Amino acid sequence: MGALAPGLAAASCLGMGALWLGRLEAVRGVGLSPLTLAILAGMVLGNTVYPRWEARWGRGVQWAQRTLLRLGVALFGFRLTLGDVAAVGWRGAVTDLLVVGSTLLLACMAGRFLGMDRRTVLLVGMGSSVCGAAAVMAAEETVRGGPDRVAMAVSTVVVFGTLALFLDPLLYPLGIAWGLWGADGLGYGLYVGSTVHEVAQVVAAGRAVSPEAAGFAVIVKMIRVMLLVPLVPLLARLLPESGEKGRAAVPRFVLGFAGMVGLHSLGWVPERGVAAILLAGDLFLATAMAALGLCARVESVRRAGLKPLILAGILFLWLLVGGGAINGAAGLLADGAALRLVW
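A few points on the structure. Remember, it's a predicted structure, so these values are computed and weren't measured experimentally.

## Quick notes on the overall build of the chain
For step 1, the next point in the chain: Broken down by element type, the chain carries 16 helices and zero strands.
For step 2, the next point in the chain: A burial count over the chain gives 50% of its 343 residues as buried.
For step 3, the next point in the chain: The long-range share in the chain, meaning contacts at least 24 apart out of those at least 6 apart in sequence, stands at 81%.
For step 4, the next point in the chain: Carbon and sulfur atoms make up 68% of the accessible area of the chain, which totals about 16000 Å².

## A closer look at the environment of Asp282
For step 1, the next point in the chain: By the element assignment, Asp282 lies in helix α14 (residues 271-294).
For step 2, the next point in the chain: On the basis of relative accessible area, Asp282 is assigned to the buried category, the value being 11%.
For step 3, the next point in the chain: Taking the C-alpha atoms as reference points, Asp282 and Leu75, 207 residues apart in sequence, are found 8.7 Å from one another.
For step 4, the next point in the chain: Those residues within four positions of Asp282 in sequence are excluded, and the remaining contacts are Leu19, Arg79 and Arg207.

## What to know about a nonpolar patch on the surface
For step 1, the next point in the chain: A cluster of nonpolar side chains, namely Trp20, Leu21 and Leu24, defines an oily patch on the protein surface of about 300 Å² accessible area.
For step 2, the next point in the chain: Considering the arrangement of structural elements, one finds Leu21 in helix α1 (residues 5-22).
For step 3, the next point in the chain: What makes Leu21 partly exposed here is its relative accessible area of 34%.

## Section: the nonpolar core
For step 1, the next point in the chain: Formed by 86 residues in total, the largest nonpolar core has its most connected members in Met126, Val130, Val192, Met222, Phe257, Met289 and Leu311.
For step 2, the next point in the chain: Of all the elements, helix α11 (residues 211-226) adds the most residues to this core, at nine residues.
For step 3, the next point in the chain: Residues contacting Phe257, with those up to four places away along its chain left out, are Val73, Ala74, Phe76, Gly77, Leu80, Val218, Ile219 and Met222.

## Quick notes on helix α9 (residues 186-195)
For step 1, the next point in the chain: Counting buried positions over the ten residues of α9 gives ten, a clear majority of the element.
For step 2, the next point in the chain: Those residues of α9 not exposed but buried are Leu186, Gly187, Tyr188, Gly189, Leu190, Tyr191, Val192, Gly193, Ser194 and Thr195.

## Side note on α1
For step 1, the next point in the chain: Along its 18 residues, α1 runs 25 Å from first to last C-alpha, staying within 8% of the 26 Å computed at 1.5 Å per residue.
For step 2, the next point in the chain: Within the sequence span of α1, burial applies to Gly7, Leu8, Ala10, Ala11, Ser12, Leu14, Gly15, Ala18, Leu19 and Gly22.

## Side note on the packing of helix α10 (residues 199-207) against α11
For step 1, the next point in the chain: Close contact between α10 and α11 brings their axes to 7 Å; oriented N to C, the two are set at 155°. Considering the angle they form, α10 stands roughly antiparallel to α11. Crossing of α10 over α11 shows right-handed handedness. Of α11, the residues touching α10 (which contributes Val199, Val202, Val203, Gly206 and Arg207) are Pro211, Ala213, Ala214, Ala217, Val218, Lys221, Met222 and Val225.

## Considerations on the packing of aromatic side chains
For step 1, the next point in the chain: Within the structure shown, the criterion is met by six aromatic pairs.
For step 2, the next point in the chain: A centroid spacing of 5.1 Å and a plane angle of 75° characterise the contact between Tyr172 and Tyr188, whose relative ring orientation is edge-to-face. Placement of the pair is Tyr172 in helix α8 (residues 146-177) and Tyr188 in helix α9, with a sequence separation of 16 residues.
For step 3, the next point in the chain: Summarising the aromatic geometry, the rings of Trp181 and Tyr191 are spaced 5.5 Å apart at their centres and angled 35° between planes, so their arrangement reads as tilted.

## What about the side chain of Gln201?
For step 1, the next point in the chain: Mapped onto the elements of the fold, Gln201 is located in helix α10.
For step 2, the next point in the chain: When its relative accessible area of 1% is taken as the criterion, Gln201 is described as buried.
For step 3, the next point in the chain: Dropping the residues within four chain positions of it, Gln201 is found in contact with Val157, Val158, Gly161, Thr162, Leu165 and Val196.

## Structural notes on the pattern of salt bridges
For step 1, the next point in the chain: For the structure on display, the rule yields one salt bridge.
For step 2, the next point in the chain: Here Asp282 and Arg207 are joined by a salt bridge, their closest N and O atoms 3.3 Å apart. Of this pair, Asp282 sits in helix α14 while Arg207 sits in helix α10; the two residues are 75 residues apart in sequence, bridging distant segments of the chain.

Rules of the game
- Residues numbered from 1 in each chain as written.
- Predicted model: local features only at pLDDT ≥ 70, side-chain atom pairs only at ≥ 80, totals over all residues.
- Heavy atoms only, no water.
- Helix = DSSP H or I, 4+ residues; strand = E, 2+ residues; numbered from the N terminus.
- Buried < 20%, exposed > 50% of the residue type's maximum accessible area, 1.4 Å probe, protein only.
- Contact = heavy atoms within 4.5 Å.
- Areas by Shrake-Rupley, 256 points an atom, 1.4 Å probe, with all protein chains shown as cover.
- Patch = residues over 30% accessible without salt bridge, like charges linked within 9 Å, V, L, I, M, F, W, Y side chains within 5 Å.
- Salt bridge = Lys/Arg side-chain N within 4 Å of Asp/Glu carboxyl O.
- Core = buried A, V, L, I, M, F, W, Y, C linked by side-chain atoms within 4.5 Å.
- Expected span 1.5 Å × (residues − 1).
- Axes fitted to C-alpha atoms, helices over the stretch in contact; angles between N-to-C directions.
- Parallel < 35°, antiparallel > 145°, perpendicular 65-115°, else oblique.
- Left-handed = near helix turned anticlockwise from the far one by under 90°.
- Phe/Tyr/Trp six-rings, centres within 6.5 Å; stacked < 30°, edge-to-face > 60°.

What follows is the structure in structure tokens.
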């Protein structure tokens, strides 16, 4: 634990500072959420002074990025109830299936056009379509792409997922003006949860608008994460020479998230306990976002190479535009079904 302390303390200080700044009225008026501030601070330090201390702090920062993120996402479930999950309903599940399926298909088509090898294409496609670095690591067990391909795929997730984190909140007022989603946060949350790469990026993009939008976004994102279970065996069929059975289990933080939603719905935890849990979850997420920013380096973009970045950029544009179209179509279908029920 001693080896983790310096890096964990550094990321925690950044996270706590971001939480404090994020509550100032002047900062909130600009539209910067604490999680956005945390990753921004981490990125600035990560590309300036942090590399000098990485040998000593690296293990703690990596631990915060992985473990605290999962704990924070699990505790985020305490902001939701089963009624919120029901509000997402079949619309979220169908939207996720269409977005993930179309993005993977586009990755295969674009990768073939660019002349890329199939293993690289599948790793980048899984990272973009499902759940970022976690999907890359899950797919690597079957794809066997090697550390270089994995690092490259994760780099593309960091680049374009971070871009989505900042861009999506800017699209929120446009979406309201164009009638793509309402002001209740449901439509925006569905869009963010079904199109943004990483779980942490989904939380940050949602919280930049409202806690309600973040809640809906995380529910939809959890459905996407669970799609790893059928997709990893499918990869084994696409790469039969891998010799892997391609088994995958539901990530533990998804189960923890579901458990927190259920526990909160029962109403057994007193208000003070709920407040403490929510505060701990906010601190874990802010610390994890700061750690993610510390690890987001400019040189990693250069190492990724041109073709993988082009492929990831194509997929990002599809998620931005095509994902929006899929969400809009799902919304129209849901509205039509509601009208038929009322009639």
